[in-house]
Each structure stands twice: as C-alpha cells, then as structure tokens.
Amino acid sequence: MLCVRSTAIGRIAIEGDGDFITHLHLPSTTALLDGFTKRESPVVREAFRQLELYLDGKLREFDLPMRPEGTPFMKRVWEELLKVPYGTVTTYKELACAVGSPRACRAVGTANARNPIAIFIPCHRVINTGGRLGGYGGGLDLKRALLDLESRACNNPANG
C-alpha cells in the first residue's frame, strides 16, 4: 500500500506491505508516483503520524515495524544507522568500522544511497570524514534541513 501526502518538507510517499514499512520516497522522487490512489494501511498512517511529529521537532526516535529489502551487508549498515543518535552525525568510515569492514567506505556509501526507508533509517546523519555533507537522495538542501532540525530540537529542552 502506498500513500502520498504533503509534509513540511514536501510530498512524501510511504509504502507498506500491510504489517511493515518498506519504503519512504523523498520529495525528489514522489513526482514519479503521481496517479497512485491513496491506500493507507494502519502502519502507513502511523508512519505519517510519527514523521509529522519528527518534522515538528517533537519526536526523536521512530517506533515503526520496518522491512527494508537489501543485501545482508546493506542490512547491517542500516542496522548501524538506527544506532546513530538523534542530533548527531557519523562518517562513512565510522560506519564501515561499526559493521566490521573498515575498508568498505564506498560500499557503506552505496548501502546508504540505497536505503529504501530514508529518514526512518537515518542515512541523513552520515557525513564525509572531512565534515562535508556528501550526497543524499533527497538533495543536500533536505539533508541540511533534517540535520538542522535535529540540532535545533536538541538545543531546545521543550522539545523531545
């Protein structure tokens, strides 16, 4: 089931298989989904609810059943991404070390780029070793906006 909605960061599509979230399509790709009917399962509805809270700076950790499809290596990278705390960043090198493949920075980058559930699996929190943002499927402006949102929320004790 796929549902497209307007959010604070643009049109987002969330897809689920009934019990699990399987994809989150960022605004840069949702135009490709025009014409789909709105079919919203309870898990997709809950995903949008949590996404809106996150975008308002009121939710720091998602609690959603997710089932991303990928290779075993990609899944290890995505599991490590889930451990990166809200409001912080990690590097491709640190992620490669965390999955036990310290020389696999490019493979980690590829896994990051193929993350089918961006934001919920926070690939926006990965930067280059030199501190540059690096790529992001939703574009660097969106990546910067998500990191800024988390930083502001961390610096505002009323949120979270």
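Preceding this section is the structure that the text describes.
What comes next is a walk through the structure. (Residues numbered from 1 in each chain as written. Predicted model: local features only at pLDDT ≥ 70, side-chain atom pairs only at ≥ 80, totals over all residues. Heavy atoms only, no water.)

### A short note on the overall build of the protein chain
Here is step 1: Within the protein chain, the regular secondary structure consists of 5 helices and 5 strands.
Here is step 2: The N-to-C order of helical and strand elements in the protein chain reads β-β-β-α-α-β-α-α-β-α.
Here is step 3: In terms of C-alpha radius of gyration, the protein chain reaches 15 Å, essentially the compact-globule figure of 15 Å for 160 residues.
Here is step 4: Going through the 160 residues of the protein chain one by one, you find that 44% of them count as buried.
Here is step 5: The long-range share in the protein chain, meaning contacts at least 24 apart out of those at least 6 apart in sequence, stands at 59%.
Here is step 6: Summing over all exposed atoms, the protein chain offers an accessible surface of approximately 8400 Å²; the carbon and sulfur share of this is 52%.
Here is step 7: One way to put it: in the protein chain the 21 positive side-chain charges average out to a point 5 Å from where the 17 negative ones average out. (Helix = DSSP H or I, 4+ residues; strand = E, 2+ residues; numbered from the N terminus. Rg over C-alpha atoms; globule rule 2.2 N^0.38 Å. Buried < 20%, exposed > 50% of the residue type's maximum accessible area, 1.4 Å probe, protein only. Contact = heavy atoms within 4.5 Å. Areas by Shrake-Rupley, 256 points an atom, 1.4 Å probe, with all protein chains shown as cover. Lys, Arg positive; Asp, Glu negative; His and termini not counted. Charge placed at Lys NZ, Arg CZ, Asp CG, Glu CD.)

### Focus: the packing of helix H2 (residues 72–81) against helix H4 (residues 105–113)
Here is step 1: Two elements in contact, H2 and H4, have axes separated by 9 Å at closest approach and are oriented at 80°. Between H2 and H4, the angle falls in the class roughly perpendicular. Counted together, Phe73, Met74, Val77, Trp78 and Leu81 of H2 and Ala107, Val108, Ala111 and Asn112 of H4 form the full contact between these two elements.
Here is step 2: Grouping the constituent residues of the contact of H2 with H4 by class yields 8 nonpolar, 1 polar and no charged. (Axes fitted to C-alpha atoms, helices over the stretch in contact; angles between N-to-C directions. Parallel < 35°, antiparallel > 145°, perpendicular 65-115°, else oblique. Nonpolar A, V, L, I, M, F, W, Y, C, P; charged D, E, K, R; others polar.)

### A look at the sheet that holds strand E1 (residues 2–7)
Here is step 1: Strands sit in the order E1-E2-E3 across an open sheet of 3 strands; the sheet is antiparallel. Of all the strands in the sheet, just E1 and strand E3 (21–25) have a single pairing partner and so form its edges. Strand-to-strand twist in this sheet, taken as the mean axis angle between neighbours without regard to direction, amounts to 20°.
Here is step 2: Sitting on the sheet, helix H1 (residues 42–55) is in contact with E1, strand E2 (10–16) and E3, with an inclination near 20° to E1. (Pairing = 2+ DSSP bridges.)

### Examining the pairing of E3
Here is step 1: With 4 of 5 residues buried, E3 lies mostly within the body of the structure.
Here is step 2: In this structure, E2 lies alongside E3, joined through 4 bridges in antiparallel fashion. Looking at the pairing, Glu15 lines up with His23 of E3.
Here is step 3: Connecting the antiparallel pair E2 and E3 is a turn made up of 4 residues, with Gly18 showing a positive phi of about 110°.

### Quick look at the pairing of E1
Here is step 1: Pairing analysis gives 6 bridges linking E1 to E2, with the strands arranged antiparallel. Looking at E2, one finds that Thr7 is bridged to Gly10.
Here is step 2: What sits between E1 and E2 in their antiparallel hairpin is a turn of 2 residues.

### Side note on the layout of surface pockets
Here is step 1: Each pocket or cavity is described by its volume, and for the largest pocket that value is around 260 Å³.
Here is step 2: Taken together, 17 residues make up the lining of the largest pocket; nearest its centre are Leu26, Ala113, Asn115, Ala118 and Gly137.
Here is step 3: Counting only elements with at least two residues in the lining of the largest pocket, the list comes to E3 and H4.
Here is step 4: Per-element accounting of the lining of the largest pocket gives the leading share, 3 residues, to H4.
Here is step 5: Of the residues assigned to the lining of the largest pocket, the class counts are 8 nonpolar, 8 polar and 1 charged. (1 Å grid on protein atoms, 1.4 Å probe; cavity = no way out; pocket = protein on both sides within 12 Å on 5 of 7 lines; lining within 4 Å. Points joined across faces, edges and corners; volume = space filled by probe spheres on them.)

### Quick look at the side chain of His124
Here is step 1: Tracing the chain through its elements places His124 in the loop between H4 and strand E5 (126–127).
Here is step 2: Note on His124: relative accessible area 0%, which makes it buried.
Here is step 3: At 3.3 Å, the side chain of His124 and the side chain of Tyr54 are in polar contact.
Here is step 4: Apart from residues lying up to four places away in sequence, His124 is in contact with Tyr54, Ile119, Tyr136, Lys143, Leu146, Leu147 and Glu150. (Polar contact = N/O pair within 3.5 Å; in protein donor to acceptor, adjacent residues only side chain to side chain.)

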